[in-house]
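Residue-level listing of the chains:
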Amino acid sequence: MSKCEQCIIKQFNSLKSLTKDELMRISSCKTSMNIKKGDVIFDEGETINGVYCIKEGICKLSKLSANGKDQIVKIVVKGDLLGYRSMVSDEVSNLQAVALIDMKVCFIPKNEIINDLQTNPKFSFDVLKEMAHNLREADDIIVNMAQKSVRQRLAETLIYIHDSFGVNPDKTLSILLSREDFANIVGTATESAIRVLSQFKKDGLISMVGKKIRIENLEGLKRIE
């Protein structure tokens, strides 16, 4: 089991503001977990009694709409913290977290994090900044849904995945998402996402390698209206 005070992952999140003694205390009570692709980390409506620190892997955060359709609101990567918002507000989770690939996470009990929020102002401020950043992202999603076409939103999603997560040696996107996942990210029907991706392929913007997507014309995707 790695020690929190020696873990480089903490540099990517609010845990970097904790003192060495605080990190050592957390390290002694955290739980390391291996999560398989497709496994649920926590469900919508579940009480989360701590936070999850992502050491390796990627997961999606989604919300079930009234018509039973999933809306993916965020893709979470190595270094991110999961569950702190519900923990701080003392509410059940309003999102579901599912692993997109195999993951390694550390679970830190609620009482340890709450104690640090109450005694370490720098840590509290960093958590507030992260919450503010997430709210800004949520605002951007609302605006995009209202003002941009499905073609624009899907093109921006492909660009985001390319820029944020990189590509495989064969230049395909490193994250393999289903057509349903793409639809749930941009907020449209699966059939519409398939139709737009097919048009992108026809226009030479992307190509397919099996189920994987390779971007052939990044600048062209950026010009989509």
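All figures in this text were calculated on a predicted structure; none of them were measured in a lab. (Residues numbered from 1 in each chain as written. Predicted model: local features only at pLDDT ≥ 70, side-chain atom pairs only at ≥ 80, totals over all residues. Heavy atoms only, no water.)

Here we take up the UniProt feature "domain: Cyclic nucleotide-binding" (unreviewed entry) in the protein chain. The UniProt feature table records "domain: Cyclic nucleotide-binding" (unreviewed entry) at residues 14-110. The span residues 14-110 shows a helical share of 18% and a strand share of 42%, and its end C-alpha atoms are spaced 15 Å apart. (UniProt positions renumbered as here; feature names shortened; annotations may be inferred. Helix = DSSP H or I, 4+ residues; strand = E, 2+ residues; numbered from the N terminus.)

To continue, consider the sheet that holds strand E6 (residues 81-82). Through backbone hydrogen bonds, the strands of a sheet pair up, either in parallel or in antiparallel fashion. The sheet built from 4 strands is open, its strands ordered E1-E8-E3-E6 with antiparallel pairing. Lying at the two open borders of the sheet, with one neighbouring strand each, are strand E1 (31-35) and E6. Note that strand E3 (residues 50-56) and E6 share 2 bridges and pair antiparallel. Paired with Cys-53 across the bridge in E6 is Leu-81. Seen against the sheet, helix H3 (residues 110-119) touches E3 and strand E8 (103-109) and runs at an angle of roughly 65° to E8. (Pairing = 2+ DSSP bridges. Contact = heavy atoms within 4.5 Å. Axes fitted to C-alpha atoms, helices over the stretch in contact; angles between N-to-C directions.)

Before going further, it helps to examine the pattern of salt bridges. In total, this model carries 12 salt bridges according to the counting rule given. The partner of Asp-116 in a salt bridge is Arg-25, and the shortest N-O contact between them spans 2.8 Å. In this pair, Asp-116 sits in helix H3 while Arg-25 sits in helix H1 (residues 20-29), placing the two residues 91 residues apart along the sequence. By relative accessible area, Asp-116 is classed as buried at 0%. A network of salt bridges, in which partner residues are shared, links Lys-16, Lys-122, Asp-126 and Lys-129. (Salt bridge = Lys/Arg side-chain N within 4 Å of Asp/Glu carboxyl O. Buried < 20%, exposed > 50% of the residue type's maximum accessible area, 1.4 Å probe, protein only.)

Of all hydrophobic cores here, the largest spans 25 residues; its most connected members are Leu-158, Leu-177, Phe-182, Leu-197, Phe-200, Ile-206 and Leu-221. Looking at this core, the elements with two or more residues in it are strand E5 (70-76), helix H5 (150-165), helix H6 (179-186), helix H7 (190-202) and strand E10 (212-215). Broken down by element, this core gets its largest block of residues, 6 residues, from H5. The contacts of Leu-221, once residues within four sequence positions are left out, are Ala-155, Leu-158, Ile-159, Phe-200, Leu-205, Ile-206 and Ile-215. (Core = buried A, V, L, I, M, F, W, Y, C linked by side-chain atoms within 4.5 Å.)

All told, the structure shown has 3 cavities of 30 Å³ or more when counted by the stated rule. Here the second largest cavity is characterised by a volume of approximately 50 Å³. Lining of the second largest cavity is provided by Leu-15, Val-51, Leu-81, Tyr-84, Met-87, Val-88, Ile-113, Leu-117, Phe-123 and Val-127. Across the lining of the second largest cavity, the residue classes break down as 10 nonpolar, no polar and no charged. (1 Å grid on protein atoms, 1.4 Å probe; cavity = no way out; pocket = protein on both sides within 12 Å on 5 of 7 lines; lining within 4 Å. Points joined across faces, edges and corners; volume = space filled by probe spheres on them. Nonpolar A, V, L, I, M, F, W, Y, C, P; charged D, E, K, R; others polar.)

Turning to its location among the elements, Ile-114 is positioned in helix H3. Residue classification places Ile-114 among the partly exposed residues on the basis of a relative accessible area of 22%. Spatially, the C-alpha atoms of Ile-114 and Met-87 are 8.5 Å apart, while their sequence positions differ by 27 residues.

Per the UniProt entry, the sites bearing "domain: HTH crp-type" (unreviewed entry) are residues 148-219 in this numbering. Each end of residues 148-219 is marked by a C-alpha atom, and these two atoms are 18 Å apart; helix forms 54% of the span and strand 11%.

Under the counting rule described, the total for this entry stands at 3 aromatic pairs. Summarising the aromatic geometry, the rings of Tyr-52 and Phe-107 are spaced 4.9 Å apart at their centres and angled 55° between planes, so their arrangement reads as tilted. Taken together, the positions of Tyr-52 in strand E3 and Phe-107 in strand E8 put the pair 55 residues apart, joining distant regions of the chain. Counting every residue linked through ring pairs, the aromatic cluster contains Phe-42, Tyr-52 and Phe-107. (Phe/Tyr/Trp six-rings, centres within 6.5 Å; stacked < 30°, edge-to-face > 60°.)

Its 27 residues give helix H4 (residues 121-147) an end-to-end C-alpha distance of 39 Å, which sits within 8% of 39 Å, the value for a rise of 1.5 Å per residue. For H4, the full list of buried residues reads Phe-123, Ser-124, Asp-126, Val-127, Met-131 and Asn-134. On its buried side, H4 packs onto E5, helix H2 (84-89) and H3. Its side-chain oxygen at 3.1 Å from the backbone nitrogen of Lys-122, Asn-120 defines the N-terminal cap of H4. (Expected span 1.5 Å × (residues − 1). Polar contact = N/O pair within 3.5 Å; in protein donor to acceptor, adjacent residues only side chain to side chain.)

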